[in-house]
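Here's the letter readout for the chains.
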Amino acid sequence: MEMYMKPSLISKKYFTPGVIVLILLALNGLIFLAFRFFFGIGSVTNLNNQYPWGLWIGVDVAAGVALAAGGFTSAALGHIMYREHFHSIVRPALLTAMLGYTFVAIGVFVDIGRWYYIWHPLIMWNGNSALFEVGICVMMYVTVLYIEFLPIVTERFIGRVNLKKSLSFLNKPLEKLLKILDKGLSKTIFIFIILGVVLFTLHQSSLGTLMVIAGEKMHPLWQTPVLPLLFLLSAISVGFPMVIFESMIASKSFGSKPEMDVLTPLGYTLAPLLGIYLAFKIGDMFIRETFVYLTEINTASVMFTIEIVVGIIIPLRMFLSKKVLKSPPLLFTASSLVIFGVFLNRVNNFIVAYTPPYSFGSYFPSIGEISVTVGFVALLVLLYRIIVMNFPVISQPDERYAIKTKYTIRG
Amino acid sequence: MEKQNRRSFLKTAGLLTAAMTGIPNKSAKAAPEENILSEDRMGVLVDTTVCIGCRNCEWACKKAHELPTESLESYDDKSVFKKMRRPNEAALTVVNQYEKDINIPVYAKVQCMHCDHPACVSACIVGAISKRANGSVTWDTDKCIGCRYCMVACPFQIPSFEYDKALNPEIRKCDFCFNRTKEGKLPACVEICPVEALTYGARNDLIKIAREKIKKYPDRYINYIYGENEVGGTSWLYLAGQDFSKLDFPKLGTKPAPGVSESIQHGIFAYFVPPASLYALLAGIMWLNKKKSESEGVE
């Protein structure tokens, strides 16, 4: 009989040498961030009138949104396709998506010149703008992700609300609130799960539409009217590799075995998914006859080739092999390559492909920009660690539940 | 109606579909004088064969927009022509010199072209940029969030941003002297030009004038009006004696710049039918799969 896995708290020491390095990286990022708020964007970044968008939009926002796709693919598999076998990956993926999107929102917040007007799109609408659509959908998707996470909070605290001393009078009302939430959510959560999937497809594709308006400023290798479709397909194919990647890192970090019985079947879906993405990418290249640009050797053609070969073709071949799917290190490598490929694709679309007609030099991110981006990633990992230690997110073998309990939809 | 839409939108994500159908209606009902292409819109015809590179327009522009500037005399300095310059947050228009190797240099003034179908207007996340009835494309400081998507979108690379300001950085570009023309005055650059290289008038008339000029002096001009059809037409039009690529004008198609992106956007959203159908489809799949899984029971 298979071991029943139940989401539970991870009990480990929070501070390890790795965690301390992450804290230092986060602090370093925050210092540069302070400069941005006191002296303007120009004081920290290499952005200028020729290159209005750089690392923060290309990586923190565009790549961030793509790499948080694990939440979507696992929700689609676990809830929409209703495969109970995969329920153990849903919660960690949901948490990553929730934190990932939160940092996307923070990334937008620090990049826009007038951060205190970030709420403007809520009441000032421009239905023609792809950015408006991305903004609204991301805002709603973050909200939906938080709602999807609520059952984990209620599960953690129902029957355990125990505030001390002067706040103790709140215990009963809080308990009641949690119970109402839990009851309400267990009946309505499917609305939000489906909504999350719809919102995901909308904003992933609109993120691709974003650069279409840049027209001639974008290198023809990337500039295509099917960009929205390519963005959506690549986001879908990077979802499970992210889940595999995180699950293996978490297993290593918390000293448990990699969950190969769940991860291997996920790997089976990746060859077809990557195949579809590759077919559209190559097909688009041949229809628009942009392969001619690959004959000249420059940054654009090299980056494009790396993106296709290292990011799609090699992992695609790897996922076709049973040996790779069953071997933790190889599966991890193949997944990392897909992640690298999609990451590079977003960087290419938003930074490498962008060539302004009048430029006085090229753009490369400053130390400040890199520090802030690295700092955000470090903060995200630190928060993830705090949350899995305090909420039942990661599944661990549990002897007390030898028999499967009846399934209820929970985050 | 509008208010209700906003409120229900904020209320709950569950009402998404109902609330969001308001978008197409709303954009169609936008303030009457904005984003409607008027037949009588104004424009400026720039005759680069006449311009003498005095840069008085640069000075007048700064004065009209209350930007810091040195005295008018200092603009006689020709050394600035050594490098190509671009409009930025400190100078909304600049004049560049070309064909330096021949005896008579050619000058080209650069500023916002005031497109008929502006990419920046289409791109702006909050609708802070609008095409006005008089042809000018203006920016609204009360809406702008400083995302700089207009700069990404602009095919002429015109909008600039105050990167060194921590609070209220502005998007700066030529506003076609909206506040002056409103009062019946000429745009500052047109008014000061000593050689009448700039002609202000209704765009339709300017195209006629330009055609006549080309017909009358075929040796002086190439047979091309830059801006007549570029990205769907611009309010500012240029005449030149040589190919425009020699004057650093970008080679652009005749389709409006926002065209493709808007049709993709509206295709995906088409009155929210595709997203709503997707929602229904997913709900169906989820229900079927759940039923299947329940009937199979615990294995």
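Residues numbered from 1 in each chain as written. Chains lettered and ligands numbered in written order. Predicted model: local features only at pLDDT ≥ 70, side-chain atom pairs only at ≥ 80, totals over all residues.

K.L.:
What exactly am I supposed to notice about the overall build of chain A here?
P.N.:
A tally of regular secondary structure across chain A gives 14 helices and two strands. In terms of overall size, chain A behaves like a compact globule, its C-alpha atoms giving a radius of gyration of 22 Å where 411 residues would be expected to give roughly 22 Å. Along the three orthogonal principal directions, the C-alpha set of chain A runs to about 65 × 55 × 45 Å. Considering only intrachain contacts with a sequence separation of at least 6, the fraction spanning at least 24 residues in chain A is 82%. (Helix = DSSP H or I, 4+ residues; strand = E, 2+ residues; numbered from the N terminus. Rg over C-alpha atoms; globule rule 2.2 N^0.38 Å. Contact = placed C-beta atoms within 7 Å.)

K.L.:
So what exactly am I meant to see when it comes to the interface of chain B and chain A here?
P.N.:
It is common to give the size of an interface as the accessible area that goes away when the parts come together. Listed per partner, the contact involves 59 residues of chain B and 61 residues of chain A. Listing elements by their share of the side of chain B that touches chain A, those giving two or more residues are α1 (2-11), α3 (22-28), α5 (119-123), α6 (149-153), β6 (160-161), α10 (259-269) and α11 (273-296) of chain B. Ranked by residues supplied to the side of chain B that touches chain A, first place goes to α11 of chain B with 10 residues. Looking at side-chain class alone, the side of chain B that touches chain A contains 37 nonpolar, 13 polar and nine charged residues. (Nonpolar A, V, L, I, M, F, W, Y, C, P; charged D, E, K, R; others polar.)

K.L.:
Would you explain the pairing of strand β3 (residues 106-110) of chain B in this entry?
P.N.:
Across a regular strand the side chains alternate sides, sitting on one face of the sheet and then on the other. Residue and element names in this part refer to chain B. Within β3, four of the five residues are buried, which leaves the element mostly enclosed by the surrounding structure. Pairing of strand β2 (residues 94-98) with β3 involves five bridges; the strand directions are antiparallel. Bridged to V95 within β3 is K109. (Buried ≥ 20, exposed ≤ 12 C-beta atoms within 10 Å, placed from the backbone. Pairing = 2+ DSSP bridges.)

K.L.:
Hey, could you run me through the confidence of the model for chain B in this one?
P.N.:
Atom-level detail of predicted coordinates should not be read off regions where pLDDT is low. Residue and element names in this part refer to chain B. Across chain B, the average pLDDT comes to 85, with 85% of residues at 70 or higher. Least confident of the elements in chain B is α1, whose mean pLDDT is 39; most confident is strand β9 (residues 236-239), at 97. Note on residues 1-32: pLDDT is under 50 here. Beyond four places in sequence and across chains, it has 29 contacts. Both confidence scores are given for the complex: pTM 0.87, ipTM 0.88. (pLDDT = per-residue confidence, 0-100.)

K.L.:
For this particular structure, what's the right way to read the sheet that holds strand β8 (residues 198-202) of chain B?
P.N.:
Working definition: the strands of a sheet are paired by backbone hydrogen bonds and lie parallel or antiparallel to each other. Residue and element names in this part refer to chain B. One open sheet accounts for three strands, arranged β8-β1-β9; its pairing is mixed. Each edge of the open sheet carries a strand with a single partner, namely β8 and β9. Within this sheet the neighbouring strands show an average axis-to-axis angle of 25°, counted without direction. Where strand β1 (residues 42-47) lies against β8, five bridges are found, and the strand directions are antiparallel. By the bridge assignment for β8, M42 is matched with A202. Helix α9 (residues 203-216) rests against β1, β8 and β9 of the sheet, and its axis sits at about 130° to β8. (Axes fitted to C-alpha atoms, helices over the stretch in contact; angles between N-to-C directions.)

K.L.:
What exactly am I supposed to notice about the domain arrangement of chain B here?
P.N.:
Along its sequence, chain B is carved into domain 1 (32-257) and domain 2 (259-296). The centre of domain 1 of chain B, based on its C-alpha atoms, is set 45 Å off from the matching centre of domain 2 of chain B. (Domains from an automatic or database assignment.)

K.L.:
Just checking my understanding: could you explain unusual backbone geometry for this structure?
P.N.:
Peptide bonds are trans in most cases, and residues, glycine excluded, mostly fall at negative phi. Residue and element names in this part refer to chain B. Phi angles above zero are rare outside glycine, and R148 is one such case at about 70°. Structurally, the position occupied by R148 is in the loop between β5 (137-139) and α6. Phi is positive for V231, which is not a glycine, with a value near 35°. By the element assignment, V231 lies in the loop between α9 and β9.

K.L.:
Sorry if this is basic, but what is going on with the packing of helix α3 (residues 70-80) of chain A against helix α7 (residues 171-209) of chain A here?
P.N.:
Axis angle and axis distance: for two packed helices, these are the angle between their axes and the distance between the axes, and together they describe the pair. Residues and elements named next belong to chain A. Orientation of α3 relative to α7, taken along the N-to-C sense of each, is 140°, at an axis distance of 10 Å. Judged by the inter-axis angle, α3 sits oblique to α7. The hand of the α3/α7 crossing is left-handed. Residues F72, A75, A76, H79 and I80 of α3 form the contact with α7, whose own contacting residues are I193, G196, V197 and F200. The residue makeup of the contact of α3 with α7, split by class, is seven nonpolar, two polar and no charged. (Parallel < 35°, antiparallel > 145°, perpendicular 65-115°, else oblique. Left-handed = near helix turned anticlockwise from the far one by under 90°.)

K.L.:
When you look at the nonpolar core in this model, what are you seeing that I'm missing?
P.N.:
Most often, soluble globular proteins have nonpolar side chains that are buried together. Formed by 192 residues in total, the largest nonpolar core has its most connected members in V197 of chain A together with C120, C124, C150 and A153 of chain B. When residues in this core are grouped by element, the largest group, 14 residues, is from helix α8 (residues 227-253) of chain A. Counting only domains with at least three residues in this core, you end up with domain 1 (32-257) and domain 2 (259-296) of chain B. Ignoring anything within four residues of it in the chain, the contact list for A153 of chain B reads I213 and A214 of chain A together with A119, C120 and A123 of chain B. (Core = buried A, V, L, I, M, F, W, Y, C linked by C-beta atoms within 7 Å.)

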